[in-house]
Amino acid sequence: MSILINKDSKILVQGITGRSGLFHTQQCRDYGSKIVAGVTPGRGGIHIEGIPVFNTVAEAVHYTHATVSMIFVPPPAAADAILEACDAGLDLAVCITEGIPIRDMVLARRYQEESRTRLVGPNCPGVITPGECKVGIMPGYIHRKGKIGVVSRSGTLTYEAVKQLTDSGLGQSTGVGIGGDPIIGMKFIDVLQLFNEDPDTEGVFMIGEIGGGAEEEAAFWIRDNMKKPVAAFIAGVTAPPGKRMGHAGAIITGGKGKAEDKIRTLEECGVTVATSPTRMGEAMLTALGGKG
Amino acid sequence: MNIHEYQAKEILNAYGIPVPRGRVALTSDQVERACKEMGGRCVIKAQIYAGGRGKAGGVKLVHVPEQAQEFGKELFGKRLVTPQTGPEGLKVRRILVEEAVDIAREFYLSITLDRETSRYCLIASAEGGVDIEEVARKSPEKIHLFAIDPYTGLRPYQARKIALALGLTGSVCEDCVELILNLYRCCLEKDCQLVEINPLVVTKAGWLLAMDAKFTFDDNAVFRHREYPDMVDYSQLDPLEINAGKYDLAYIKLKGNIGCMVNGAGLAMATLDVLKEFGGEPANFLDVGGGATREKVAEAFKIILEDCDAKGVFVNIFGGIMRCDIIAQGIIEAAGEVKCILPIVVRMDGSKVEEGKKLLLDSGLNVQCADNLGDGAARIVKMLG
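Residues numbered from 1 in each chain as written. Chains lettered and ligands numbered in written order. Predicted model: local features only at pLDDT ≥ 70, side-chain atom pairs only at ≥ 80, totals over all residues. Heavy atoms only, no water.

1. Looking at the overall build of chain B
- Summing up its helical and strand segments, chain B has 13 helices and 18 strands in all.
- Taken over 385 residues, chain B has a buried fraction of 54%.
- Taking as baseline every contact in chain B between residues at least 6 positions apart, the subset at least 24 positions apart corresponds to 68%.
- For chain B, the accessible surface area stands at approximately 16300 Å², while carbon and sulfur atoms represent 51% of it.
- Averaged over its 47 positive side-chain charges, chain B has a centre that lies 2 Å from the centre of its 54 negative ones. (Helix = DSSP H or I, 4+ residues; strand = E, 2+ residues; numbered from the N terminus. Buried < 20%, exposed > 50% of the residue type's maximum accessible area, 1.4 Å probe, protein only. Contact = heavy atoms within 4.5 Å. Areas by Shrake-Rupley, 256 points an atom, 1.4 Å probe, with all protein chains shown as cover. Lys, Arg positive; Asp, Glu negative; His and termini not counted. Charge placed at Lys NZ, Arg CZ, Asp CG, Glu CD.)

2. Observations regarding the sheet that holds strand β2 (residues 42-46) of chain B
Residues and elements named next belong to chain B.
- The strand order β1-β6-β2-β3 describes an open sheet built from four strands, whose pairing is antiparallel. Edge strands, defined here as strands with exactly one partner in the open sheet, are β1 (22-25) and β3 (59-62). The sheet shows a mean angle of 20° between the axes of neighbouring strands, taken without regard to direction.
- Alignment of β2 against β3, held across four bridges, turns out to be antiparallel. (Pairing = 2+ DSSP bridges. Axes fitted to C-alpha atoms, helices over the stretch in contact; angles between N-to-C directions.)

3. Looking at the confidence of the model for chain A
- This prediction gives chain A a mean pLDDT of 92; 93% of its residues lie at or above 70.
- The low-confidence segment residues 244-254 of chain A, where pLDDT is below 50, has 31 contacts with residues more than four positions distant or belonging to other chains. (pLDDT = per-residue confidence, 0-100.)

4. Comments concerning the interface of chain B and chain A
- Between chain B and chain A, the contact holds 57 residues from the first and 59 residues from the second.
- Here chain B meets chain A over a buried area of about 4800 Å², counting both sides, of which 62% is carbon and sulfur.
- Viewed at the interface, chain A and chain B are joined by six salt bridges.
- For Asp349(B), the salt bridge is made with Lys163(A), and the minimal N-O distance between the two is 3.5 Å.
- At the junction of chain B with chain A, the criterion picks out 16 residue pairs in polar contact (both at pLDDT 80 or more).
- Ranked by the residues each element gives to the side of chain B that touches chain A, the list is headed by helix α9 (residues 265-277) of chain B, at nine residues.
- Counted by class, the side of chain B that touches chain A contains 25 nonpolar, 14 polar and 18 charged residues. (Buried area = accessible area lost by both parts, 1.4 Å probe. Salt bridge = Lys/Arg side-chain N within 4 Å of Asp/Glu carboxyl O. Polar contact = N/O pair within 3.5 Å; in protein donor to acceptor, adjacent residues only side chain to side chain. Nonpolar A, V, L, I, M, F, W, Y, C, P; charged D, E, K, R; others polar.)

5. As for the sheet that holds strand β13 (residues 230-235) of chain A
Residue and element names in this part refer to chain A.
- Read across the open sheet, the seven strands follow the order β9-β8-β11-β10-β12-β13-β14; overall the sheet is mixed. What marks the edges here is a single partner per strand, and that holds for β9 (133-136) and β14 (272-273).
- Here five bridges tie strand β10 (residues 145-152) to strand β12 (residues 203-209), and the two strands are oriented parallel to one another. Bridging across to β12, Val151 finds its partner in Met206.

6. Overview of the pairing of strand β7 (residues 103-114) of chain B
Residues and elements named next belong to chain B.
- Two strands pair when backbone bridges link them, and β7 and strand β10 (residues 192-203) are joined in this way by eight bridges, in the antiparallel orientation. Pairing of Ile103 across the sheet is with Thr203, part of β10.
- Where β7 lies against strand β8 (residues 119-125), seven bridges are found, and the strand directions are antiparallel. Residue pairing across strands places Tyr108 opposite Ser125, the latter belonging to β8.
- Linkage of β7 to β8, two consecutive antiparallel strands, is achieved through a turn of four residues, within which Ser118 is found at a positive phi near 60°.

7. Remarks on the packing of aromatic side chains
- One pass over the full model with this rule turns up four aromatic pairs over all chains.
- Where Tyr159(A) meets Phe318(B), the ring centres are 5.9 Å apart and the plane angle is 70°; that geometry is what we call edge-to-face. Taken as a pair, Tyr159(A) in helix α5 (residues 156-167) and Phe318(B) in strand β16 (residues 312-323) lie in two separate chains rather than in one.
- Ring geometry for Phe215(B) against Phe217(B): centres 6.1 Å apart, planes inclined by 70°, an arrangement best described as edge-to-face.
- Since its relative accessible area comes to 0%, Phe217(B) is described here as buried.
- Through successive ring pairs, a cluster of aromatic residues spans Phe215(B), Phe217(B) and Tyr228(B).
- The cationic tip of Arg110(A) hangs over the ring face of Tyr151(B); the distance from NZ or CZ to the ring centre is 4.0 Å. (Phe/Tyr/Trp six-rings, centres within 6.5 Å; stacked < 30°, edge-to-face > 60°. Lys NZ or Arg CZ within 6 Å of the ring centre and 35° of its normal.)

8. Description of the nonpolar core
- In terms of nonpolar packing, the biggest core is built from 93 residues, with Leu12(A), Ile82(A), Leu12(B), Ile44(B), Phe215(B) and Phe217(B) touching the most fellow members.
- Among the domains, domain 1 (1-20 + 102-236) and domain 2 (21-100) of chain B are the pair contributing at least three residues each to this core.
- Beyond its immediate stretch of four places on either side in the chain, Ile44(B) contacts Val31(B), Gly58(B), Val59(B), Lys60(B), Val62(B), Ala68(B), Phe71(B), Leu75(B), Ile95(B), Leu96(B) and Val97(B).
- One finds Val68(A), Ile96(A), Val191(A) and Leu192(A) within the second-largest nonpolar core, a separate group that totals 48 residues. (Core = buried A, V, L, I, M, F, W, Y, C linked by side-chain atoms within 4.5 Å. Domains from an automatic or database assignment.)

Written out as structure tokens, the structure is:
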């Protein structure tokens, strides 16, 4: 078992005719993902790499019964692509696109929240169930099938963490990159909840960063609900303060955002926090040993 | 993306939000003339990309044009150091000269994105003109927050609740409702991440005025606003950061001597953390983007080497799908072009790692290849010993 995607997931790609859309479609297919359709407005009717292309998501769903979308649409139209995926009633939309304007995402997120579609991203590496299915841009070869769920706000730092897990002999059930944008679909808690219920996930590794209060929220949820051991790493202990966080932004989260605060809260909630980015695999082993 | 106070006020004015009468001056003679025009008594405000100017001596009330000129002379070219600027401060090149206003009451008003609700959020407080974060920490009950539903937008009755909560009554209250609605319209149309009026004042004569304003535009929306790049005052930015921006690289200058190039912000932060853990001090934060390309790697390398504080370079690229031999070529080309003699440690991961390492080791550069993150950090710290 796994969460969100597996070997039977039927995937369509929005923005399949773009350069990176096509490249990663090929990469995902080579990994074993079932890519059944592409969507590019105005290009409906053609085939690309043997994959049928449609003008709309609804049409693609009608003919191929796809339930998952991977979105590579450029920023000006990406929020519209998310809305279209939700409107077509998909189970899951994974938006890889980086650089979507805030105003567009506020609206897309509002619509998505009331739809049946789960959103991962935007600005994320995607979702992978090792050995079965990859919907994203992460390198497949660092992953290994196993029992650890991975959830992360980061991109390449997730690869580092996964590699350390694999090197420590810990395979992964599913890896979810939720993205680092201020507005995202699934948050830490949404993913943790799925891992908690997944019989084949035995522990979770969580990767956070400075800024916002998402890690703290997750920590409290873990303390109150999580039945499985959790290890974590928070990047940015030594980062200079205030470069990205606006004044008013910091108020809303009650002055939260510092790495030390996040680490302390996580530890208080029973999470094993890696003291260095070189010891992420170790921290997971410790967490499993402690509770397993 | 930030703009100056006077630019923010021009935008507010265009949205029907009253601001004090003012002029921007580029010389102390212009400061004097503007002061005369305002009738003598006026406020001189240094324009820099940072708050906390008042305490740093960047704002002054003057009474006669000569005094204004003198203060102008003193300010132009001076580096103002505030808690938001860093120790080197920011140079004053523009001065705003504004009519002096008799203030009865001061408020705080802003609209910004709330990550928790994924909505724009209106923030108001009757404690204006002060550090709002301080207010939020000490007396959160004095802060009024309201998340705006994008389906309905901000409604007049909602704005009225805020105006009443600030203690406004009568016609000033209705003026404030209109001002809040205009501010929301402005925030959306101008694609802002933050619009802040602090303080918003009621004058003794009973008028609302935006006395100070701060705008941060959403960098992701610049494509919809062709005028934005021209509004940037490049004198307020670090030249290396400007250069990095041109190539879409995120660069922040730091105090140490180890130049860093990493792909991805999270991994870049983790790399700084690990360098410090091994006793090193990073000279910069540099994110070449998750999918590092050869061109970006080459540009990033040049930017790091232009910083004379960098005595060595640590490259940490987790390419994944990106081929390491291509990244290695980018490094070799860039290092050759700028005649780099500094020690370099490269940690790469991705396809064709061995080919990439071989290229680097055969290149004649003073380079070592690391097997993993910890090994890389240890090596560069040792090389700079």
